[in-house]
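Observations on the three-dimensional arrangement
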Amino acid sequence: MSEKKKGKVTESEEEGNLQVSFIFPNGDRYEGECCRSTEGVVRRSGMGKHTSASGVTYTGEWHDDKMNGRGTLEHPSGALYEGDFKDNMYHGTGTYSFSDGTKYCGSFSKNRLEGDGEFTDSQGLVWIGGFHNKAAPGLKLKLNM
């Protein structure tokens, strides 16, 4: 929690890590592990759950007060991302399940579909190939035999 963030902090120390329950002024909530910097600033670090006032929930790894590592981000619409995060963005390998039932499994870079992946459409057909942001030239239908 950087110096700009204020709210209610409940701390308990376990093996050098802080366990906190923190409510932000905007209604967001964080429960999980933190660490204290040499300057005394408390930052999310380790495993934790952040729930925004609008209902978006992230459960997973934190480093330097950002979503970094493996985690799950759930939206109130039903959309769900499970995979790697870097600096609060989808980055690495993951699965994004859209609220309409379609799904993308593959590579992400800075919140964008980037690289090899599979897209499952609303009829259950699986399309494989290279993705680049919103484009996917040369997709091929994956046949299950």
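Parameters and conventions
- Numbering of residues starts from 1 in every chain and runs along the sequence as written.
- Restriction of local features to residues with pLDDT of at least 70 applies here, the model being predicted, together with a cutoff of 80 or more for giving and counting side-chain atom pairs; totals for whole chains, interfaces and linings are based on all residues.
- Excluded from the side-chain calculation are hydrogens and water; included are all heavy atoms of the structure.
- Secondary structure elements are defined from DSSP: runs of H or I of at least 4 residues count as helices, runs of E of at least 2 residues count as strands, and each element is numbered from the N terminus.
- Relative accessibility decides the category of a residue: with a 1.4 Å probe and only protein chains considered, values under 20% of the type maximum give buried, values over 50% give exposed, and everything between is partly exposed.
- Any two residues having at least one pair of non-hydrogen atoms within 4.5 Å are treated as being in contact.
- Throughout this description, the term nonpolar core refers to a set of buried Ala, Val, Leu, Ile, Met, Phe, Trp, Tyr and Cys residues connected via side-chain atoms within 4.5 Å.

A few words on the overall build of the chain. Along the backbone of the chain there are zero helices and twelve strands. Its helices and strands taken in sequence order, the chain reads β-β-β-β-β-β-β-β-β-β-β-β from the N to the C terminus. For the chain, with 145 residues in total, the buried portion stands at 30%. Taking all contacts inside the chain whose residues are at least 6 apart in sequence as the whole, residues at least 24 apart take part in 9%.

Here we come to the nonpolar core. In terms of nonpolar packing, the biggest core is built from 20 residues, with Leu73, Tyr81, Phe85, Tyr90 and Phe108 touching the most fellow members. Elements with a minimum of two residues in this core: β2 (17-23), β3 (29-36), β5 (57-63), β6 (66-74), β7 (80-86), β8 (89-97) and β9 (103-109). Ranked by residue count, the leading element in this core is β2, at three residues. Ignoring anything within four residues of it in the chain, the contact list for Phe85 reads Tyr58, Met67, Asn68, Gly69, Gly71, Thr72, Leu73, Tyr90 and His91.

Any functional reading would require information that these geometric values do not contain.
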